[in-house]
Amino acid sequence: MDDLDQRLISALRHDARASHSDLAAQLGVTRATVRARLARLEARGVILGYSVVLKEDRLADPVRGLMMIGIEGRGTERILRQLAGFSAVRGVHSTNGRWDVIAEIGTESLEAFDEVLARIRKLEGVATSETSLLLSTKKASN
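Just so you know, these numbers come straight off a predicted model, no measurement behind them.

Peer 1: Any details on the packing of helix H1 (residues 3-14) against helix H3 (residues 31-43)? Residues and values, ideally.
Peer 2: Look at H1 against H3: their axes get within 11 Å of each other, and the N-to-C directions meet at 90 degrees. If you check the angle between H1 and H3, you find them roughly perpendicular. Across the interface between the two elements, Leu4, Asp5, Leu8, Ile9 and Leu12 of H1 pack against Thr33, Val34, Arg37, Leu38, Arg40 and Leu41 of H3.

In structure tokens, the structure reads:
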């Protein structure tokens, strides 16, 4: 991928619904160039698809946060399975550094969020945790 491909992808990340004409004007190239570049990126599997993020997708979980979890001993796989069973846990990520696992949590209220945190902290093998509430989203990956 060259610089133009990178700029094209960046423009699509900003607005995946932009027309070929709008993208061409923004990038200073022709519509045919945009069309050819997109076709090549799609054929190579760089672009897998386009999506829409709806307002209600964000409203479903008005309280969102990340819980960093430190696990003692060799209980990581068991804890990962348990976390997957929590309906409020939207994602679970292994990581390096101080924390073993990061859990993405979404609930309808602060009280419900607090209850989920308390339940996770009670899991056998959870040694320590730290939680950060997500106050606003500047760029979403969906």
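Peer 1: Which residues make up the pairing of strand S3 (residues 101-107), and what values do they have?
Peer 2: The buried count for S3 comes to five of seven residues, which makes it a mostly enclosed element. Relative to S3, strand S1 (residues 63-71) runs antiparallel, the two sharing seven bridges. Of the residues in S3, the one forming a bridge with Met68 is Ile102. As paired strands, strand S2 (residues 89-94) and S3 are joined by five bridges and run antiparallel to one another. Pairing of Ser94 across the sheet is with Val101, part of S3. Here S2 hands over to S3 after six residues, with Gly97 in that stretch at a positive phi of 90 degrees.

Peer 1: Provide a residue-level description of the nonpolar core, including the pertinent values.
Peer 2: Residues Met67, Ile69, Leu83, Ile105 and Ile120 are the most contacted members of the largest nonpolar core, which totals 18 residues. Within the residue set of this core, elements represented by two or more residues are S1, helix H5 (76-84), S3 and helix H6 (110-121). Beyond its immediate sequence surroundings of up to four residues, Leu83 is in contact with Ile69, Val89, Val92, Val101, Ile120 and Leu123. Counting 13 residues, the second largest nonpolar core, distinct from the first, contains Ala24, Leu27, Leu38 and Leu41.

Peer 1: Pulling in residues and values, what's your account of a nonpolar patch on the surface?
Peer 2: Nonpolar side chains collect at one region of the surface, where Leu110, Leu133 and Leu135 lie side by side and expose about 350 Å² of accessible area between them. Inspection of the secondary structure assignment puts Leu133 in strand S4 (residues 126-133). Residue classification places Leu133 among the partly exposed positions, given a relative accessible area of 42%.

Peer 1: How would you summarise the pattern of salt bridges if you had to cite specific residues and measurements?
Peer 2: For the coordinates displayed, the defined rule picks out six salt bridges. In this structure, Arg40 engages Asp5 in a salt bridge whose closest nitrogen and oxygen atoms are separated by 2.7 Å. Residue Arg40 is located in helix H3, and its partner Asp5 is located in helix H1; the two are separated by 35 residues in the primary sequence. For Glu130, the salt bridge goes to Arg98, with nearest N and O atoms at 3.7 Å. Here Glu130, found in strand S4, pairs with Arg98, found in the loop between S2 and S3; they are 32 residues apart in sequence, far enough to count as distant. Salt bridges sharing partners connect three or more residues here, namely Asp2, Asp5, Arg37 and Arg40.

Peer 1: Could you give an account of the sheet that holds S1, with specific residues and numbers?
Peer 2: With respect to topology, four strands assemble into an open sheet ordered S2-S3-S1-S4, the strand pairing being antiparallel. On the outer flanks of this sheet lie S2 and S4, each paired with one strand and no other. Each neighbouring strand pair of the sheet contributes to a mean axis angle of 20 degrees, computed without reference to strand direction.

Calculation notes
- As a convention, each chain's residues are numbered from 1 in the sequence order in which they are written.
- The model is predicted, so local features are restricted to residues of pLDDT at least 70 and side-chain atom pairs to those at 80 or more, both for listing and for counting; the totals for chains, interfaces and linings are taken over all residues.
- Side-chain measures were taken over the full set of non-hydrogen atoms in the model, leaving aside hydrogen atoms and water.
- To get an axis, a line is fitted to the C-alpha atoms, and for a helix only the part in contact is used. The angle between two axes follows their N-to-C directions and goes from 0 to 180 degrees.
- Strands are runs of DSSP state E lasting at least 2 residues, helices are runs of H or I lasting at least 4, and numbering of each runs from the N terminus.
- Reported orientations rely on four angle classes, namely roughly parallel under 35 degrees, roughly antiparallel over 145, roughly perpendicular from 65 to 115, and oblique for the rest.
- What makes two residues a contact is simply this: any of their non-hydrogen atoms within 4.5 Å.
- Working definition: with a 1.4 Å probe on protein chains only, accessible area under 20% of the residue-type maximum means buried, over 50% means exposed, and in between means partly exposed.
- DSSP bridges decide pairing: two strands pair if at least two such bridges lie between them.
- Residues grouped as a nonpolar core are buried Ala, Val, Leu, Ile, Met, Phe, Trp, Tyr and Cys residues, joined through side-chain atoms within 4.5 Å.
- Like-charged residues within 9 Å of one another, or nonpolar side chains (Val, Leu, Ile, Met, Phe, Trp, Tyr) within 5 Å, are grouped into patches, provided each residue has over 30% relative accessible area and no salt bridge.
- To be clear on the numbers: accessible area is Shrake-Rupley with a 1.4 Å probe, and residue cover counts the displayed protein chains and nothing else.
- What counts as a salt bridge is simple: a side-chain nitrogen of Lys or Arg found within 4 Å of a carboxyl oxygen of Asp or Glu.

Coordinates in, geometry out; function isn't part of it.
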